[in-house]
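# Working through the structure, step by step
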Amino acid sequence: MAIPVVDLAEFTSGTPQQKAAFVDALGKAYEEVGFVAVKNHGIPDATVAGLYSNTKAFFSLPLDVKKEYEIAGLAGQRGYTSFGKEHAKGSTAPDLKEFFQFGQTVEDNDPIKAEYPDNVQVAELPDFNRLFVSAYRGFETSGTHLLRAIALYLGLDEKYFDAYIHNGNSILRAIHYPPIKEEPKSAIRAEQHEDINLITLLVGASADGLEILSKRNEWVPVTSLPDQIVVNVGDMLQRLTNNKLKSTTHRVVNPAREHWGSPRFSIPFFLHPKSSMSLACLPSCIDASHPKAYPDATAGEYLDERLREIGLKK
Ligand SMILES: O=C(O)CCC(=O)C(=O)O
Ligand SMILES: [Fe+2]
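So, here's what we can say about the structure. Keep in mind that this is a model prediction, so the values were computed, not measured.

What counts, and where the lines are drawn
- Residues numbered from 1 in each chain as written.
- Chains lettered and ligands numbered in written order.
- Predicted model: local features only at pLDDT ≥ 70, side-chain atom pairs only at ≥ 80, totals over all residues.
- Helix = DSSP H or I, 4+ residues; strand = E, 2+ residues; numbered from the N terminus.
- Rg over C-alpha atoms; globule rule 2.2 N^0.38 Å.
- Buried ≥ 20, exposed ≤ 12 C-beta atoms within 10 Å, placed from the backbone.
- Expected span 1.5 Å × (residues − 1).
- Arc of directions from axis to C-beta.
- Near = placed C-beta within 6 Å.
- Nonpolar A, V, L, I, M, F, W, Y, C, P; charged D, E, K, R; others polar.
- Pairing = 2+ DSSP bridges.
- Axes fitted to C-alpha atoms, helices over the stretch in contact; angles between N-to-C directions.
- Parallel < 35°, antiparallel > 145°, perpendicular 65-115°, else oblique.
- Left-handed = near helix turned anticlockwise from the far one by under 90°.
- Contact = placed C-beta atoms within 7 Å.
- Core = buried A, V, L, I, M, F, W, Y, C linked by C-beta atoms within 7 Å.

So, about the overall build of the protein. When helices and strands are tallied, the protein shows 8 helices and 12 strands. Scaling as 2.2 N^0.38, a compact globule of 314 residues should have a C-alpha radius of gyration of about 20 Å, and the protein matches this with 19 Å. Considered along the principal axes of its C-alpha atoms, the protein spans approximately 55 × 50 × 40 Å. Looking at the protein residue by residue over its 314 residues, the buried ones come to 42%.

The next thing to look at is helix α3 (residues 45–59). Under the 1.5 Å per step criterion, the end-to-end length of α3 is 21 Å for 15 residues, consistent within 8% with the ideal 21 Å. Turning to α3, its buried residues are L51, N54, T55, F58 and F59. Within α3, the buried residues cover an arc of 125° as seen down the axis, which keeps them to one side. In α3, the exposed residues that point more than 90 degrees away from the buried face are D45, A46 and A49.

The local shell around ligand 1 consists of I175, A190, D195, L202, A205, L210, H250, V252, S266 and P268. Counting only elements with at least two residues in the shell around ligand 1, the list comes to β11 (250–252) and β12 (264–271). Broken down by class, the residue content of the shell around ligand 1 amounts to 7 nonpolar, 2 polar and 1 charged.

Right, let's talk about the sheet that holds strand β9 (residues 219–221) for a bit. Taken in spatial order, the 4 strands make up an open sheet running β6-β11-β8-β9, and their pairing is antiparallel. Two strands lie at the open edges of the sheet, namely β6 (190–193) and β9, each paired on one side alone. Strand-to-strand, the axes of this sheet are offset by a mean angle of 20°, without reference to chain direction. Strand direction decides the pairing type here: β6 and β11, joined by 2 bridges, are antiparallel. When the sheet's bridge partners are listed, H193 is paired in β11 with H250.

This part takes up the packing of α3 against helix α5 (residues 128–153). To characterise two packed helices, one gives the angle between the axes of the helices and the distance between these axes. Following both chains from N to C, one finds α3 and α5 inclined at 135°, their axes separated by 10 Å at the closest point. By the angle between their directions, the pair α3 and α5 is classed as oblique. For the pair α3 and α5, the sense of crossing is left-handed. Counted together, T47, G50, L51, N54 and F58 of α3 and F128, L131, S134, A135 and G138 of α5 form the full contact between these two elements. Split by residue class, the contact of α3 with α5 holds 5 nonpolar, 5 polar and no charged.

Located in the positive-phi region is N167, a residue other than glycine, with phi close to 55°. Topologically, N167 is positioned in the loop between α6 (162–165) and β5 (171–177). Its 21 C-beta neighbours within 10 Å are what place N167 among the buried residues. Phi at N217 takes a positive value of approximately 65°, unusual for a residue other than glycine. With respect to the element layout, N217 can be found in the loop between β8 (210–213) and β9. Using a count of 7 C-beta atoms within 10 Å as the deciding quantity, one classes N217 as exposed.

Moving on, we come to the environment of D45. One can find D45 in helix α3. Look at D45 and you get exposed, because 11 C-beta atoms sit within 10 Å. With 182 residues separating them in the primary sequence, D45 and D227 have C-alpha atoms 8.3 Å apart.

Further remarks concern the nonpolar core. Grouped together as the largest cluster of nonpolar side chains are 73 residues, with contacts concentrated most on L26, V36, A149, L172 and I199. Considering each element in turn, this core owes the most residues, 12 residues, to α5. In this structure V36 touches I3, P4, V5, V6, L26, A29 and V231, once residues within four positions along its chain are discounted.

Here it is in structure tokens:
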């Protein structure tokens with residue numbers, strides 16, 4: 001399915017009319033589909049290429065080397081997570097994937113630094129850390145612009161989200177879905193789920209397979225062009241907006257048998273706010289026909305609950 005396409009340059013450097021049209025198109029897409037493809041997203045091609053080459057190199061390291069980067073007690077939030085650990089909420093079969101997660105680097109004097117574990121440095125790959133830091137900053141910048149447009153759509157101050165996402169708890173996740181060698185029993189590459197965070201930015205997954213559940217309850221493949229990133233709403237934003245913006249269910253299916261031999265790589269950026277941000281439904285999204293659908297919670301409390309549900313936190 002062609003998801004709606006928006007041009008971020010119209011928001012960041014367009015005329016007032018183009019900017020307003022962007023806000024309207026993005027908001028409508030998030031009310032109706034929950035996913036958009038974004039062109040002129042600002043992440044340099046060289047950064048994307050470097051991310052993918054380092055991701056492939058990391059996952060081709062021997063398993064015992066990768067396991068040295070699997071750190072107990074961090075709930076997979078930094079470093080490597082091996083096969084069989086994460087399952088979708090409500091599912092028992094683990095997804096057919098391994099992944100590496102990279103988090104915030106606090107570079108100013110913000111005391112929030114104490115909340116975040118250090119990133120795990122991959123000794124075998126000299127460019128890995130530098131590339132992940134620079135990609136992380138790029139996604140934060142694109143995400144900041146997109147959230148400014150969302151804030152305007154919601155009738156909030158344009159910079160409503162800025163202070164919550166500066167030094168926020170976002171995660172850059174490199175995923176490897178290996179070639180499939182035998183008939184999978186029940187698991188698929190990634191079982192249907194909704195993302196936990198505010199918005200997710202996904203650049204250039206290496207093979208098809210991502211599908212979204214349409215309003216008509218049909219699975220439809222997501223297609224986007226190589227110069228676009230796919231950006232979807234997560235549960236935190238759905239909750240904040242009292243279900244006005246949709247956190248659409250999605251999954252990654254196994255390929256047709258003739259493509260079982262191909263791995264799939266994908267690198268989503270899960271944009272999270274600081275853990276202290278309140279996710280209480282915005283008053284402007286509550287009225288008689290949309291009664292408040294969620295109890296108040298902070299982003300940190302909500303993340304903790306969700307990490308337990310998907311098996312990463314015990
Ligand atoms: O692999 C993908 O394309 C998407 C993965 C995903 O949905 C997730 O990790 O939340
Ligand atoms: Fe997802």
